[in-house]
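Residue-level listing of the chains:
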Amino acid sequence: MSAAPDRMHRPDNDLVDLVFDYMRERLQYDPVPLDHPGDGEHLRAQLAGLLNPDGNNPADVLKLYDHELSRAVISADSPRYLSFIPCAPTKAALLFDMVVSCASLQGISWLEAAGAIAAENQVLRLIADRAGLPGTAGGTFVSGGSAGNLSALVVARDTARRKLGVGPEARLRIAVADQVHSSVKNTFNIIGVEAFKVPTVDRRFTGEALRAALAADPNPETVIAVVGTAGTTNEGIVDDLQGLSEVTRERGLWFHVDGAYGGAGLFAPSVRARYNGIEHADSFVVDPHKWLFAPFDCAALIYRNPQLARAVHTQDASYLDVLHTEGDEWNPTDYAYHLTRRARGLPLWFSLAVHGTQAYTDAIETGLKLAQDTAQLIRETGHLELLFDPQLSAVCFRRTGWTNDDYYRWSQQLLADQIGFVTPTGWDGETVARFAFLHPGTTMEMVREILDTMA
Ligand SMILES: *Cc1c(COP(=O)(O)O)cnc(C)c1O
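A.B. asks: Would you mind showing me how to read the overall build of the chain here?
C.D. replies: The helix and strand tally for the chain stands at 15 helices and 11 strands. In summary, the chain has a C-alpha radius of gyration of 24 Å against a globular reference of 23 Å for 455 residues, a match within 12%. Projecting the C-alpha coordinates of the chain onto the three principal axes gives extents of approximately 70 × 70 × 40 Å. For the chain, the proportion of its 455 residues judged to be buried stands at 51%.

Below, the structure written as structure tokens:
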């Protein structure tokens with residue numbers, strides 16, 4: 001063998017400069033361009049032959065990435081990205097994500113990564129305090145709200161099985177409303193529980209409706225948990241957490257709160273009261289990669305009583321015994337279905353430590369205000385109709401007279417012109433327009449520019 005086998009692992013300052021220079025440039029885009037959808041044939045042609053035995057010049061590969069691949073990725077951190085749920089990481093969080101990568105941090109166990117885990121847990125504690133959860137609450141960072149919902153509801157299921165003294169054959173149900181996130185429905189499929197569907201009142205899941213549905217059901221004892229949403233993804237509606245928590249406490253049900261999108265509102269005084277009742281949650285999920293300005297992929301999963309989660313999620317393998325010694329070591333792997341994990345809470349920790357919580361409050365309040373101001377502008381515009389008063393930062397509205405095709409054509413043109421990325425959504429079977437605000441750099445001028453294209 002002529003070439004040294006460790007040639008990929010040696011320090012390489014030219015490569016460092018090449019990539020750092022690119023990152024410096026990317027971090028200085030102001031504003032970040034939206035960019036475009038991809039054309040599969042073109043992309044395949046650009047990539048052809050790239051993965052070969054001998055490799056390529058790194059500058060050429062980076063240029064291909066910069067000029068071709070990255071332009072076919074719509075930038076979720078553009079202030080004109082107003083679809084789905086955007087992602088607007090702080091510069092501090094983005095930069096620290098590189099540190100996490102460059103240090104190959106293994107986030108599994110206290111034995112391997114106590115320093116990283118102590119910092120992650122400091123952030124979980126901050127979030128738990130905002131929610132009013134007890135000092136014993138704790139959990140871990142997982143890849144997203146979907147992973148958090150799955151991990152939490154497995155604990156709900158197994159805790160109920162133990163309490164009821166039943167096995168996997170028993171029929172169990174979890175109460176949800178229509179607006180519950182699709183990941184919760186997926187979770188039910190995966191873990192073998194059924195949805196106990198409760199109708200909403202003004203699109204909100206209320207304690208009263210839950211109580212009535214349980215009273216009307218012939219087998220209410222098979223309902224073991226309730227999922228409340230703190231900010232529905234499409235409409236930003238916060239369920240009646242207070243009312244739901246009263247029912248879960250009366251009946252001894254597990255109360256899970258999915259705040260993947262809206263949970264960040266706990267940091268915004270103007271809407272904090274909407275979350276009352278969350279302090280009774282048995283498990284709670286919030287995605288920092290949504291409205292807490294962390295890079296993908298980062299979700300905080302917190303349990304009121306982490307021991308219950310440990311009893312379900314701890315992996316039993318002889319080579320892992322060394323991780324589970326006596327003492328108060330915290331092993332993040334024990335609180336979700338994962339084993340190996342990136343210390344993905346650290347970018348948020350660094351940014352919070354650098355900027356302080358008030359900067360987060362200010363940025364979140366900016367998104368809330370954009371939603372209110374946009375709603376007002378829509379109310380004042382003759383050919384536009386606001387569908388509901390926004391509670392958080394999602395705004396749904398109708399352009400009178402438009403068909404499904406009109407919305408889709410408009411949305412594509414808006415992106416082609418790089419004015420905005422605004423995709424249509426569904427509203428009781430009708431196609432309508434929707435903004436999701438989150439980036440504190442979005443301005444009302446941008447919103448006006450977008451709305452003007454609907455005239
Ligand atoms: C986004 C979202 C999820 C899913 O989170 P991922 O991070 O995409 O896995 C779950 N629930 C709600 C309410 C959401 O908005």
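A.B. asks: In this structure, what is going on with the environment of Asp287? I would like to understand it.
C.D. replies: Its location among the elements puts Asp287 in the loop between strand E6 (283–286) and helix H10 (288–291). Exposure remark for Asp287: the relative accessible area of 3% places this residue in the buried category. Residues Asp287 and Ile378, 91 residues apart in the sequence, show an inter-C-alpha distance of 29 Å. Excluding residues that lie within four positions of it along the chain, Asp287 makes contacts with Gly144, Gly145, Gly259, Ala260, Leu292, Cys298 and Ala299.

A.B. asks: Please clarify how the side chain of Thr159 should be interpreted in this entry.
C.D. replies: Here Thr159 lies in helix H6 (residues 145–164). Not counting residues within four places of it along the chain, the set of residues in contact with Thr159 comprises Trp254 and Leu308.

A.B. asks: Where do I start with the domain arrangement of the chain in this structure?
C.D. replies: Much of the literature gives interface size as the accessible area that the parts lose upon coming together. Partitioning the chain into structural domains gives domain 1 (11–76), domain 2 (97–355) and domain 3 (357–452). Each of domain 1 and domain 3 has a C-alpha centre, and these two points are 31 Å apart. Where domain 1 abuts domain 3, roughly 460 Å² becomes buried across the two surfaces, and 72% of that area is made up of carbon and sulfur atoms. Taken as a group, Leu34, His36 and Ile74 account for 77% of the area that domain 1 buries against domain 3, more than any other trio of residues on that side. For the pair domain 1 and domain 3, the number of links is 0 salt bridges.

A.B. asks: So what exactly am I meant to see when it comes to the pairing of strand E2 (residues 173–177) here?
C.D. replies: Each regular strand carries side chains that alternate between the two faces of the sheet. With 5 of its 5 residues buried, E2 lies for the most part within the structure. Of the two faces of E2, the one holding Arg173, Ala175 and Ala177 and the one holding Ile174 and Val176 are both buried throughout. Looking at chain direction, E2 and strand E3 (residues 194–198) are connected through 5 bridges and run parallel. Counted as the bridge partner of Val176 is Lys197 from E3. As a crossover connection, the stretch from E2 through helix H7 (residues 182–191) into E3 is right-handed. Relative to strand E4 (residues 223–229), E2 is paired through 3 bridges, and the arrangement is parallel. Looking at the pairing, Ile174 lines up with Ala225 of E4.

A.B. asks: How should the nonpolar core be read in this particular structure?
C.D. replies: The biggest cluster of nonpolar side chains holds 56 residues, and the ones touching the most others in it are Ile127, Leu210, Trp291 and Ile364. Take this core: its biggest share by element is 5 residues, from helix H5 (residues 110–131). Inspection of this core shows a minimum of three residues originating in each of domain 2 (97–355) and domain 3 (357–452). Dropping the residues within four chain positions of it, Ile127 is found in contact with Phe267, Phe284, Val286, Leu292, Ala300 and Ile302. Of all hydrophobic cores here, the second largest spans 38 residues; its members include Ala147, Leu150, Val154 and Trp330.

A.B. asks: I would appreciate a short explanation of the site of the ligand in the present structure.
C.D. replies: The environment of the ligand is made up of 14 residues, and the closest members are Ser146, Thr233, Asp258, Asp287 and Lys290. Between the ligand and His289 there is a distance of 3.0 Å, counted from an oxygen atom to a side-chain nitrogen or oxygen. Note that an oxygen atom of the ligand is positioned 2.9 Å from one of the side-chain N or O atoms of Lys290. Considered on its own, the ligand offers 380 Å² of accessible surface; in the complex 86% of this is hidden by protein. Residue assignment for the shell around the ligand shows that the elements contributing at least two residues are H6 and H10. It is H6 that contributes the most residues to the shell around the ligand, 3 residues altogether. A breakdown of the residues in the shell around the ligand according to their chemical character gives 2 nonpolar, 9 polar and 3 charged.

A.B. asks: Looking at this model, I keep getting lost on helix H1 (residues 13–28). Mind explaining?
C.D. replies: Residues three or four positions apart in an α-helix share a direction because the helix packs 3.6 residues into each turn. Between the first and last C-alpha of H1 there are 22 Å, a value that for 16 residues agrees with the 22 Å anticipated at 1.5 Å per step. Sitting at the amino-terminal end of H1 is Asp12, which places a side-chain oxygen 3.2 Å from the backbone nitrogen of Asp14.

What counts and what doesn't
- Residues numbered from 1 in each chain as written.
- Predicted model: local features only at pLDDT ≥ 70, side-chain atom pairs only at ≥ 80, totals over all residues.
- Heavy atoms only, no water.
- Helix = DSSP H or I, 4+ residues; strand = E, 2+ residues; numbered from the N terminus.
- Rg over C-alpha atoms; globule rule 2.2 N^0.38 Å.
- Buried < 20%, exposed > 50% of the residue type's maximum accessible area, 1.4 Å probe, protein only.
- Contact = heavy atoms within 4.5 Å.
- Domains from an automatic or database assignment.
- Buried area = accessible area lost by both parts, 1.4 Å probe.
- Salt bridge = Lys/Arg side-chain N within 4 Å of Asp/Glu carboxyl O.
- Pairing = 2+ DSSP bridges.
- Right-handed = clockwise from strand over helix to strand, strands pointing away.
- Core = buried A, V, L, I, M, F, W, Y, C linked by side-chain atoms within 4.5 Å.
- Near = heavy atom within 4 Å.
- Polar contact = N/O pair within 3.5 Å; in protein donor to acceptor, adjacent residues only side chain to side chain.
- Areas by Shrake-Rupley, 256 points an atom, 1.4 Å probe, with all protein chains shown as cover.
- Nonpolar A, V, L, I, M, F, W, Y, C, P; charged D, E, K, R; others polar.
- Expected span 1.5 Å × (residues − 1).

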